[in-house]
Amino acid sequence: MFLLHSAIAKVAGNLTRPFHQFVIVNQADPGLDAVFLHTPNPNAKSCFPLVINVDWSKTAPSWLLSHIDPRIERVGRVTGDDRRVNWYVERIDGPNQLIQ
């Protein structure tokens, strides 16, 4: 999945419009992991989906950190109403990358 994340970042770097790229890693069910690349929706006021309640102060587990480059990505934790933990990995590099 992180190879796909990197491949998308290379392609997205050529976009001329803003974009938001991120990964959701579900700690309990890897089948729910996903890579996202969003560009503005011309039919809506808000350009990008908001992932709310991201706790950027939590340290990600070592199995996840081994796939992260802290120079170009940041990691936060989102705990759902069902108490499942999702890790949110967001790219922070690139001229068009928008950070929520």
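Note that residues are indexed from 1 along each chain, following the sequence as it is written. Given that the model is predicted, a residue must reach a pLDDT of at least 70 before its local features are reported, and side-chain atom pairs must reach 80 or more before they are shown or counted; all residues, however, enter totals for whole chains, interfaces and linings. Side-chain measures were taken over the full set of non-hydrogen atoms in the model, leaving aside hydrogen atoms and water.

Caption draft 1: Broad picture of the packing of aromatic side chains. Side-chain rings of Phe, Tyr and Trp, where Trp is taken by its six-membered ring, are said to pair if the distance between their centres is within 6.5 Å; with planes under 30 degrees apart they count as stacked, over 60 as edge-to-face, and otherwise as tilted. Throughout the structure, instances matching the rule amount to three aromatic pairs. Here Phe22 and Phe36 contribute two aromatic rings whose centre-to-centre distance is 4.7 Å and whose plane-to-plane angle is 15°, an arrangement assigned as stacked. One end of the pair, Phe22, is in strand β1 (residues 20–26); the other, Phe36, is in strand β2 (residues 34–38), with 14 residues separating them in the sequence. According to the relative accessible area criterion, Phe22 is buried, its value standing at 4%. On the numbers, 5.1 Å between centres and 35° between planes, the contact of Phe22 with Tyr88 is tilted. Put simply, DSSP H or I for four residues or longer makes a helix, DSSP E for two residues or longer makes a strand, and each gets a number counted from the N terminus. Throughout this description, buried means an accessible area under 20% of the type-specific maximum (1.4 Å probe, protein chains only), exposed means over 50%, and partly exposed covers the range between.

Caption draft 2: Layout of the sheet that holds β2. Only when DSSP finds a minimum of two bridges between them are two strands counted as paired. In spatial order, the strands read β2-β1-β4-β3; together these four strands make up an open sheet with antiparallel pairing. Two strands lie at the open edges of the sheet, namely β2 and β3 (73–79), each paired on one side alone. Adjacent strand axes in the sheet meet at a mean angle of 20° when their direction is disregarded. In the sheet, β3 pairs with strand β4 (residues 85–91) via seven bridges, with the strands oriented antiparallel. The partner of Gly76 across the bridge, within β4, is Tyr88. Throughout, a residue-residue contact means that at least one pair of heavy atoms, one from each residue, lies within 4.5 Å. To obtain an axis, a line is fitted to C-alpha atoms, over the contacting stretch when the element is a helix, and the angle between two such axes runs from 0 to 180 degrees between their N-to-C directions. In the packing of helix α1 (residues 2–12) onto the sheet, the strands contacted are β1, β2, β3 and β4, and the crossing angle to β1 comes to about 175°.

Caption draft 3: Representation of the nonpolar core in the model. Ranked by size, the top nonpolar core spans ten residues in total: Phe2, Val23, Val25, Ala60, Leu64, Ile68, Val75, Val85, Trp87 and Val89. Breaking this core down by element, the ones donating at least two residues are β1 and β4. Of all the elements, β4 adds the most residues to this core, at three residues. In this description, a nonpolar core means a group of buried Ala, Val, Leu, Ile, Met, Phe, Trp, Tyr and Cys residues linked to one another through side-chain atoms lying within 4.5 Å. Ranked by size, the runner-up nonpolar core spans five residues in total, among them Phe22, Ile24, Val54 and Val78.

Caption draft 4: Main features of the pattern of salt bridges. By salt bridge we mean one thing: a side-chain nitrogen of Lys or Arg within 4 Å of a carboxyl oxygen of Asp or Glu. Inspection of every chain in the model, using the stated rule, returns three salt bridges. Measuring nitrogen to oxygen at the nearest pair gives 2.8 Å for the salt bridge that ties Arg71 to Asp69. The salt bridge partner of Arg74 is Glu90, with a shortest N-O separation of 2.7 Å. With a gap of 16 residues between them, Arg74 in strand β3 and Glu90 in strand β4 connect regions that are remote in the sequence.

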